[in-house]
Amino acid sequence: MKRVLMDMDLDMFRMALLENGEPVEFYAESKRKESLVGNVYIGRVAQVIPNLQAAFVDIGTGRNGYLYYGTARAVSDETKQNRPKAGEQIVVQVLKDAVGEKGAVLTRQVSFSGKYLVLLPEEAGEVGVSRKIKQEAERRRIRDCIQALLPPECGAVVRTNAVGRTEEEFAKELEELLQKWKDVRQAEYQRAPALLWQESTFALKAVRDFYGADVDSFVVNDAQTYRQLKQTGDFDGQGQPKLVHYQEKTPLFATFFIESKWEKALAERVWLKSGGYLVIQETEACVVIDVNSAKAAGRGDLENMILKTNLEAAAEAAKQMRLRNLSGIIIIDFIDMVQEEHKKRLTKALEEAVEQDRVKTVVVGMTTLGLMQVTRKKTRPSLSKQVTTKCRVCEGSGRMPSVDSVAARMRRETEQIFASTIYRKVLVYADARLLHAYLGRDDAFAKKMLHQYQAEVDTEEKKGEAFGWYDIISVTPKAKENT
């Protein structure tokens with residue numbers, strides 16, 4: 001059974017994909033810093049670097065995006081056919097969000113994603129089918145159907161969710177995607193920089209990415225989002241997943257026992273059942289996963305113990321890559337093995353483990369130094385980068401929870417107190433910035449608690465405490481006086 005949980009907080013959207021009750025994917029996005037991936041802009045070329053076959057484009061977000069306009073890496077830009085000119089207005093789409101000092105990655109090949117298809121407006125006749133659709137007859141049926149529906153100037157990529165879908169479903173979605181392209185074309189004569197088309201909301205993107213026959217239900221705790229999703233007509237019909245509006249007082253993730261697992265997904269160390277553990281560290285250049293034998297050492301034959309620990313680590317590493325959305329170049333430092341047969345067995349085990357990932361993941365192989373090389377397509381920032389921020393004390397050498405993340409946790413703890421105890425008042429201590437985020441605009445959270453639980457939230461500023469520190473004290477109800 002697969003279930004998608006969507007937790008809508010005042011400042012943060014959190015999503016969890018559960019398989020048989022266990023989380024396999026986590027996602028978070030701050031409402032104050034929405035992802036730009038998928039947005040289409042009319043931008044102005046600020047600078048062209050011929051040697052890199054690249055240009056920097058102002059799209060109006062405060063930081064120039066990076067556009068690679070070449071078709072192959074070269075020492076110099078020998079062809080000028082695709083080279084934009086400084087000052088020129090061009091239509092671009094965001095492929096990857098800005099990370100650190102790097103601006104957003106842009107492309108001129110605009111596309112629009114649906115639940116079953118990705119429309120490629122200017123790639124005439126090209127129809128690709130997801131390699132995860134294995135049945136040749138089904139691949140042929142879908143391709144023939146899409147080719148019959150597509151306008152001559154457009155192409156498409158068929159997503160895995162398209163399996164079993166009818167021509168009518170494809171036609172409906174294709175019409176919606178073509179309308180988006182039409183809207184962009186009508187707006188592209190605006191003065192640059194300007195946003196031409198904005199990607200869907202958090203919830204709609206989650207539904208689009210996870211919609212399919214294998215997902216049984218979507219559970220959302222926000223009434224407005226529930227109504228928005230209900231209006232799409234994608235739920236509760238024959239062959240469609242159910243849409244559930246969660247209205248219980250206990251926070252959504254706590255009800256499904258996910259909260260502690262969310263916290264573990266941010267930890268650096270992951271323990272294995274054998275007694276070994278993984279250390280996961282993200283850097284600007286790559287992700288490094290180190291495998292340690294720890295308590296597993298000294299148990300039985302050494303070579304077999306190492307193989308057993310490495311096989312368990314391979315399965316866990318694949319799980320963590322998906323759970324935390326680790327991407328780019330991933331290096332796994334397994335425990336050293338001597339036998340070539342064991343190395344091949346480990347590589348095959350890792351290849352089989354990553355097949356469960358919906359994001360393209362390639363096991364490149366092991367280097368002469370015994371390091372396993374893996375690449376995983378970058379689609380969005382990792383979970384850690386979504387919910388943590390650079391430490392102002394350590395200049396970015398470590399990470400800590402962001403203000404929005406801490407404030408969201410404070411609100412969940414407060415709701416848990418009111419939902420499961422007799423207390424009807426709490427006193428919250430924190431610095432002014434954190435208290436402001438905790439209460440929300442116009443003290444929205446305090447008003448919500450008063451309305452929902454008839455409970456009072458009182459706050460008091462504490463100066464000089466470490467960033468992110470807070471304390472929530474339950475206030476004991478006064479006993480009624482005898483009359």
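Everything below is about the structure printed above this text.
Throughout this description, residue numbers start from 1 for each chain and increase along the sequence as written. Predicted model: local features are reported for residues with pLDDT of at least 70 only, side-chain atom pairs are reported and counted for 80 or more only, and whole-chain, interface and lining totals are derived from all residues. Hydrogen atoms and water are omitted, and side-chain values are computed over all heavy atoms in the structure.

### Quick word on the overall build of the protein chain
Quick note on the threshold: Each helix is a run of DSSP H or I of at least 4 residues and each strand a run of E of at least 2, with the numbering of both proceeding from the N terminus. Our radius of gyration is a C-alpha quantity, and the globule rule it is checked against amounts to 2.2 Å times the number of residues to the power 0.38. Think of it in three bands: with a 1.4 Å probe and only protein chains considered, a residue is buried below 20% of the maximum accessible area for its type, exposed above 50%, and partly exposed in between.
Each helix and strand counted, the protein chain has 12 helices and 26 strands in total. For 483 residues, the compact-globule estimate of 2.2 N^0.38 gives 23 Å, and the protein chain sits close to it at 25 Å. Each of the three principal axes of the protein chain carries a C-alpha extent, and together these read 90 × 65 × 50 Å. Considering the protein chain as a whole, with its 483 residues, one finds that 45% of them fall into the buried category.

### A look at the pattern of salt bridges
The following threshold applies: Put simply, a salt bridge is a Lys or Arg side-chain nitrogen that is within 4 Å of an Asp or Glu carboxyl oxygen.
Applying the stated criterion across every chain yields a total of 22 salt bridges. For R358, the salt bridge goes to E25, with nearest N and O atoms at 3.1 Å. Here E25 lies in strand β3 (residues 22-30) and R358 lies in the loop between α8 (340-354) and β20 (361-366), a separation of 333 residues in the sequence. Overall, the relative accessible area of 32% leaves R358 in the partly exposed class. Overall, E25 belongs to the buried group, its relative accessible area being 2%. For E199, the salt bridge is made with R208, and the minimal N-O distance between the two is 3.0 Å. Taken individually, E199 and R208 each receive the classification buried, so the pair is uniform in this respect.

### Digging into the pairing of strand β18 (residues 287-292)
Looking down a regular strand, the side chains alternate between one sheet face and the other. To be explicit about the condition: Paired strands are those between which DSSP finds at least two bridges.
Strand direction decides the pairing type here: strand β17 (residues 277-282) and β18, joined by 6 bridges, are antiparallel. Note that in β18 the partner of L278 across the bridge is V291. Here β17 folds back onto β18 in antiparallel fashion, the turn holding 4 residues. Where β18 and strand β19 (residues 328-333) come together, 4 bridges link them in parallel fashion. When the sheet's bridge partners are listed, V288 is paired in β19 with I331.

### Considering the packing of helix α7 (residues 302-324) against α8
The test is simple: To get an axis, a line is fitted to the C-alpha atoms, and for a helix only the part in contact is used. The angle between two axes follows their N-to-C directions and goes from 0 to 180 degrees. An angle counts as roughly parallel when it lies under 35 degrees, as roughly antiparallel when it exceeds 145, as roughly perpendicular when it falls between 65 and 115, and as oblique in every other case. Crossings are assigned a handedness: left-handed for a near helix turned anticlockwise from the far helix by less than a right angle, right-handed for a clockwise turn. The contact rule is simple, with two residues in contact once any of their heavy atoms fall within 4.5 Å. By the convention adopted, Pro, Cys, Tyr, Trp, Phe, Met, Ile, Leu, Val and Ala count as nonpolar, Lys, Arg, Asp and Glu as charged, and the other residues, Gly among them, as polar.
At a closest axis distance of 9 Å, the pairing of α7 and α8 adopts a crossing angle of 20°. One finds that α7 runs roughly parallel with respect to α8. α8 is crossed by α7, and the crossing has right-handed handedness. Packed against α7, whose contacting residues are E303, N304, L307, N310, L311, A314, A315, A318 and M321, the element α8 presents H342, R345, L346, A349, L350, A353 and V354 at the interface. Looking at the contact of α7 with α8 residue by residue, the classes come out as 11 nonpolar, 3 polar and 2 charged.

### Regarding the packing of aromatic side chains
When we look at a pair of aromatic rings, we describe it by the centre distance and by the angle of the planes. Selection criterion: Classification of ring pairs uses Phe, Tyr and Trp, with its six-membered ring standing for Trp, and accepts pairs whose centres are within 6.5 Å; under 30 degrees between planes counts as stacked, over 60 as edge-to-face, and the remaining range as tilted. Lysine and arginine charges are scored as sitting over a ring when NZ or CZ, respectively, is within 6 Å of the ring centre and within 35 degrees of the ring normal.
Enumeration over the complete set of coordinates arrives at 12 aromatic pairs. Centre to centre, the rings of F56 and Y66 are 5.8 Å apart; their planes meet at 65°, and the pair counts as edge-to-face. Highlighted residues: F56 in strand β5 (residues 54-58) and Y66 in strand β6 (residues 65-68), separated in sequence by 10 residues. Considering the side-chain rings of Y438 and F445, the 5.2 Å spacing of their centres and the 55° angle between planes classify their relative orientation as tilted. Among the residues examined, Y438 registers a relative accessible area of 0% and is labelled buried. F445 gets classed as buried once you look at its relative accessible area, which sits at 2%. Taken together, F13, Y27 and F202 form an aromatic cluster joined through their ring pairs. Lying across the ring of W262, R14 places its NZ or CZ 4.8 Å from the centre.

### Quick look at the sheet that holds strand β26 (residues 470-474)
With mixed pairing, the 3 strands of this open sheet are ordered in space as β25-β24-β26. Only two strands of the sheet have a single neighbouring strand rather than two, namely β25 (456-461) and β26. Taking the axes of each pair of neighbouring strands and ignoring which way they run, one obtains an average angle of 20° across the sheet. Sheet topology places strand β24 (residues 425-430) next to β25; 6 bridges connect them, and they run parallel.

### Side note on helix α1 (residues 136-149)
Let me state the cut-off plainly: Multiplying 1.5 Å by the helix residue count minus one yields the expected span of that helix.
The end-to-end C-alpha distance of α1 is 20 Å, a good match for the 20 Å that 14 residues give at a rise of 1.5 Å each. Those residues of α1 hidden inside the fold are in contact with β10 (117-120), β11 (127-129), β12 (155-158) and α2 (167-187).

### As for the nonpolar core
Rules: Only buried residues count toward a nonpolar core. Its members are Ala, Val, Leu, Ile, Met, Phe, Trp, Tyr and Cys residues joined through side-chain atoms within 4.5 Å.
Of all hydrophobic cores here, the largest spans 49 residues; its most connected members are M6, I146, V158 and F218. The greatest single-element share of this core, amounting to 6 residues, is contributed by α2. Counting 27 residues, the second largest nonpolar core, distinct from the first, contains L326, I335, M337 and L350.

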